[in-house]
Amino acid sequence: MKVIRTPRSVDLAITSRCNLRCAYCSHFGSAGDVDQDLATEEWLRFFEELSDCAVMQVILEGGEPICRQDLRQLIHGIVRNRMRFTILSNGTLITDEMAAFVAETGRCDGVQVSIDGSMPATHDACRGNGNFERTMDGIMSLSKHGVSVSVRVTIHRRNVKDLEGVARLLLEEVGLHSFSTNAASFMGLCRQHSEQVQLTMEERALAMKTLLRLRKKYNGRISATAGPLAEGKIWMEMEEARREGRPNIPGRGYLTGCGGPLNTLAVRADGVMVPCQQMSHIELGRINRDDLREVWQNHAELRRIRERRDIALSDFEFCQGCDYIPYCTGNCPALAYTLLGEENHPSPDACLRRFLEEGGRLPEEELLAC
Amino acid sequence: MPENDMPIANPLVVLREEFDDWAVLFDPDTGNAFGLNPTGVFVWKCLDGNRTVEDILNTLQANCEDVPKEAEQHLNDFILNLSEQGLVGYEIRKD
Ligand SMILES: C[S@@+](CC[C@H](N)C(=O)[O-])C[C@H]1O[C@@H](n2cnc3c(N)ncnc32)[C@H](O)[C@@H]1O
Ligand code: SF4
Ligand code: SF4
């Protein structure tokens, strides 16, 4: 398999700490939840290697990246090393000064802030009291300084009926260009609180239908790469292909659900390189000790994850007899791991056959066009 | 363009060699990225501020087979395009 010489971007958990404890957090309780954060100098040294490897973009996340006292120093390091950056944040610690600083660098592609509801009751349900207001203040500070803000909405049992309100708040009142959605999935703390936070099959179908309708109403300004909206689109496409008896959908029929490890590498807060923050149990080496190029090009575990693209769905007992095989991607490897202990397997979480067998219904087709 | 202009690559711009000698030029200040074919990569590496366009053409002819006769025009257009994008500047030879 052909692989580019070095990753285009890297996803860095610059801290394992966070000022919140969201009930569904994928970080806490995962292999990425480490005791010790790396020292400033270690990250700065690594940025030089990234520059040498011509990496273009750094994603700063965690935990909560704004918890790092030396964040400005780290960002200066990124800028000095000819890269751009994005921050994933809960927004509660973003002050006016921090927003002004980020804007002045001229290198920020955007800050992704998590908003889960249109009001404190729904946002704070999983994120903790007082955080809706704090996060909205953070968004306002970023917007005031002209920093591009993108919002991620994580859907769970307590906000699934507030999606209309969320769309109105973000797209009409705040005036964002768009926002993205996902659903709380079976990782980290979410595994312990699954009953309380994860959508039931009925709620999932409701979220799918509501989001497709809102996406149409707002001319495509709601997006998703996972969760109910993404599933709604891909499942309806699969169903249409099956009904029309199409031989296949190009690129499907194999475990092609994730292209991340072909472009990006991740690093945990303790400096251990991993294929993705959601697969932080697969340790590939340590920064500033192991050569990034060597790990990227030759690590056997990374190759194993990339080569899942060559594994046919028809090889799995799990998929035997399924009419959707030529149209399916087998979904997210990280969820296949948390659910079954094996990355190179279809994930049962986003399995259309299972959804239908459990009584799930797909939305009407008109909702797909927008 | 004066004859003694010597194009020099903007040191802030990143050359990302990807596969099969193809590459991307990345300008971190704008976030813009431009694809380069293998000849473009060769030329980019010659933009060191010590060679005129004519020198670069000669280097290209010496190192590559089948350089077409329109190469000079292509080279001029290519460098002009890079300079319009802020990826290349000029140093005037002092002697
Ligand atoms: C892990 S957080 C890190 C950045 C920051 N602390 C935040 O909350 O935005 C990144 C995104 O993942 C989402 N997230 C956390 N746990 C999740 C889970 N179990 N399933 C799906 N998304 C999750 C969060 O809501 C957030 O939008
Ligand atoms: S989701 Fe983000 S804000 Fe919430 S606990 Fe996890 S890292 Fe912190
Ligand atoms: S069983 Fe599920 S995962 Fe397998 S091909 Fe069918 S829909 Fe896809």
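What you see is a predicted model, and the numbers here were worked out from it, not measured in a lab.

1. Examining the packing of helix H1 (residues 38–46) of chain B against helix H2 (residues 53–63) of chain B
All names here are of chain B. Interaxial distance between H1 and H2 falls to 10 Å at its minimum, and their mutual angle equals 130 degrees. Classified by the interaxial angle, the pair formed by H1 and H2 is oblique. Here H1 and H2 pass one another in a crossing that is right-handed. Judged by residue contacts, Thr 39, Phe 42, Val 43 and Cys 46 of H1 engage Ile 56, Thr 59, Leu 60 and Asn 63 from H2. In the contact of H1 with H2, the residues fall into five nonpolar, three polar and no charged.

2. Quick notes on the site of ligand 1
Residues and elements named next belong to chain A. Tyr 24, Ser 26, Ser 114, Arg 127 and Thr 154 are the nearest of the 18 residues found near ligand 1. Contacts to ligand 1 include Glu 64, whose side-chain N or O atom sits 3.2 Å from a nitrogen atom. Interatomic distance of 2.9 Å between a backbone N/O atom of Ser 185 and a nitrogen atom of ligand 1. For ligand 1, the protein covers 91% of the area, taking 530 Å² as the surface of the free molecule. Looking at the shell around ligand 1, the elements with two or more residues in it are strand S3 (84–89), strand S4 (108–114), strand S5 (149–155) and strand S6 (179–183).

3. Overview of the interface of chain A and chain B
Counting residues at the interface gives 16 residues for chain A, matched by 16 residues for chain B. The junction of chain A with chain B conceals about 1,400 Å² of combined surface from both sides, 51% of it contributed by carbon and sulfur atoms. For chain A, the biggest contributors to the area lost against chain B are A:Arg5, A:Met56 and A:Arg82; these three give 44% of the whole. One salt bridge connects B:Asp20 with A:Lys2, and the closest N-O pair in it is separated by 2.6 Å. Broken down by class, the residue content of the side of chain A that touches chain B amounts to eight nonpolar, two polar and six charged.

4. Examining the site of ligand 2
Within the structure, ligand 2 sits among A:Cys18, A:Leu20, A:Arg21, A:Cys22, A:Cys25, A:Phe28, A:Gly63, A:Asn90 and A:Arg127. Grouping the constituent residues of the shell around ligand 2 by class yields five nonpolar, two polar and two charged.

5. So, the pattern of salt bridges
All names here are of chain A. According to the stated counting rule, one finds 33 salt bridges over all chains in the structure shown. Close ionic contact of Asp 116 with Arg 127 constitutes a salt bridge, the shortest N to O distance being 3.1 Å. Of the two residues, Asp 116 is situated in the loop between S4 and helix H4 (120–127) and Arg 127 in helix H4; the sequence distance between them amounts to eleven residues. Arg 127 carries the same exposure label as Asp 116, and that label is buried. A salt bridge links Arg 213 to Glu 164, with the nearest nitrogen and oxygen atoms 3.4 Å apart. With Arg 213 in helix H8 (residues 201–217) and Glu 164 in helix H6 (residues 163–173), this pair connects stretches of sequence that are 49 residues apart. Classification of Arg 213 as partly exposed rests on a relative accessible area of 38%. Looking at Glu 164, the relative accessible area reads 29%, which means it is partly exposed. Salt bridges sharing partners connect three or more residues here, namely Glu 301, Arg 304, Glu 342 and Glu 343.

6. Some points on the side chain of A:Glu61
Residue and element names in this part refer to chain A. Inspection of the secondary structure puts Glu 61 in strand S2 (residues 57–61). Arg 152 provides the closest opposite charge to the buried, unpaired Glu 61, separated from it by 9.3 Å. For Glu 61, the contacting residues outside a window of four places in its chain are Asp 11, Leu 12, Ala 13, Ile 14, Thr 15, Leu 88 and Gln 277.

7. Structural notes on the packing of aromatic side chains
All names here are of chain A. Applying the stated criterion across every chain yields a total of two aromatic pairs over all chains. Geometrically, the ring pair formed by Trp 235 and Phe 355 is tilted, given 4.7 Å between the ring centres and 35 degrees between the ring planes. You can see Trp 235 sitting in helix H9 (residues 228–243) and its partner Phe 355 sitting in helix H13 (residues 352–357), a full 120 residues away along the chain. In this structure Phe 355 comes out as buried when scored by relative accessible area, which is 4%. Against the face of Phe 28 rests Arg 21, its NZ or CZ located 3.7 Å from the ring centre. A cation sits over an aromatic face here: Arg 306 above Trp 296, 4.3 Å from the ring centre.

8. Quick notes on the confidence of the model for chain B
Put simply, chain B has an average pLDDT of 89, and 91% of its residues get 70 or more. The ipTM value of the predicted complex is 0.89, and its pTM value is 0.96.

9. A few points about the sheet that holds strand S3 (residues 23–27) of chain B
All names here are of chain B. The sheet built from three strands is open, its strands ordered S2-S3-S4 with antiparallel pairing. Here the strands that pair on one side only, and so sit at the sheet edges, are strand S2 (14–17) and strand S4 (32–36). The mean angle between the axes of side-by-side strands here comes to 25 degrees, regardless of whether they run parallel or antiparallel. Relative to S4, S3 is paired through five bridges, and the arrangement is antiparallel. In the strand pairing of S4, Phe 26 is matched with Ala 33. Here H1 sits on the sheet in contact with S2, S3 and S4, set at roughly 140 degrees to S2.

10. Examining the pairing of S2(B)
All names here are of chain B. Pairing geometry for S2 and S3, over four bridges, is antiparallel. Within S3, the residue paired with Leu 15 across the bridge is Leu 25. Remark: five residues form the turn of the hairpin made by S2 and S3, two consecutive strands paired antiparallel; Asp 20 in that turn has positive phi of roughly 50 degrees.

11. Section: the environment of A:Leu214
Positionally, A:Leu214 belongs in helix H8. For A:Leu214, a relative accessible area of 0% gives the class buried.

What counts and what doesn't
- Residues numbered from 1 in each chain as written.
- Chains lettered and ligands numbered in written order.
- Predicted model: local features only at pLDDT ≥ 70, side-chain atom pairs only at ≥ 80, totals over all residues.
- Heavy atoms only, no water.
- Axes fitted to C-alpha atoms, helices over the stretch in contact; angles between N-to-C directions.
- Helix = DSSP H or I, 4+ residues; strand = E, 2+ residues; numbered from the N terminus.
- Parallel < 35°, antiparallel > 145°, perpendicular 65-115°, else oblique.
- Left-handed = near helix turned anticlockwise from the far one by under 90°.
- Contact = heavy atoms within 4.5 Å.
- Nonpolar A, V, L, I, M, F, W, Y, C, P; charged D, E, K, R; others polar.
- Near = heavy atom within 4 Å.
- Polar contact = N/O pair within 3.5 Å; in protein donor to acceptor, adjacent residues only side chain to side chain.
- Areas by Shrake-Rupley, 256 points an atom, 1.4 Å probe, with all protein chains shown as cover.
- Buried area = accessible area lost by both parts, 1.4 Å probe.
- Salt bridge = Lys/Arg side-chain N within 4 Å of Asp/Glu carboxyl O.
- Buried < 20%, exposed > 50% of the residue type's maximum accessible area, 1.4 Å probe, protein only.
- Lys, Arg positive; Asp, Glu negative; His and termini not counted.
- Phe/Tyr/Trp six-rings, centres within 6.5 Å; stacked < 30°, edge-to-face > 60°.
- Lys NZ or Arg CZ within 6 Å of the ring centre and 35° of its normal.
- pLDDT = per-residue confidence, 0-100.
- Pairing = 2+ DSSP bridges.

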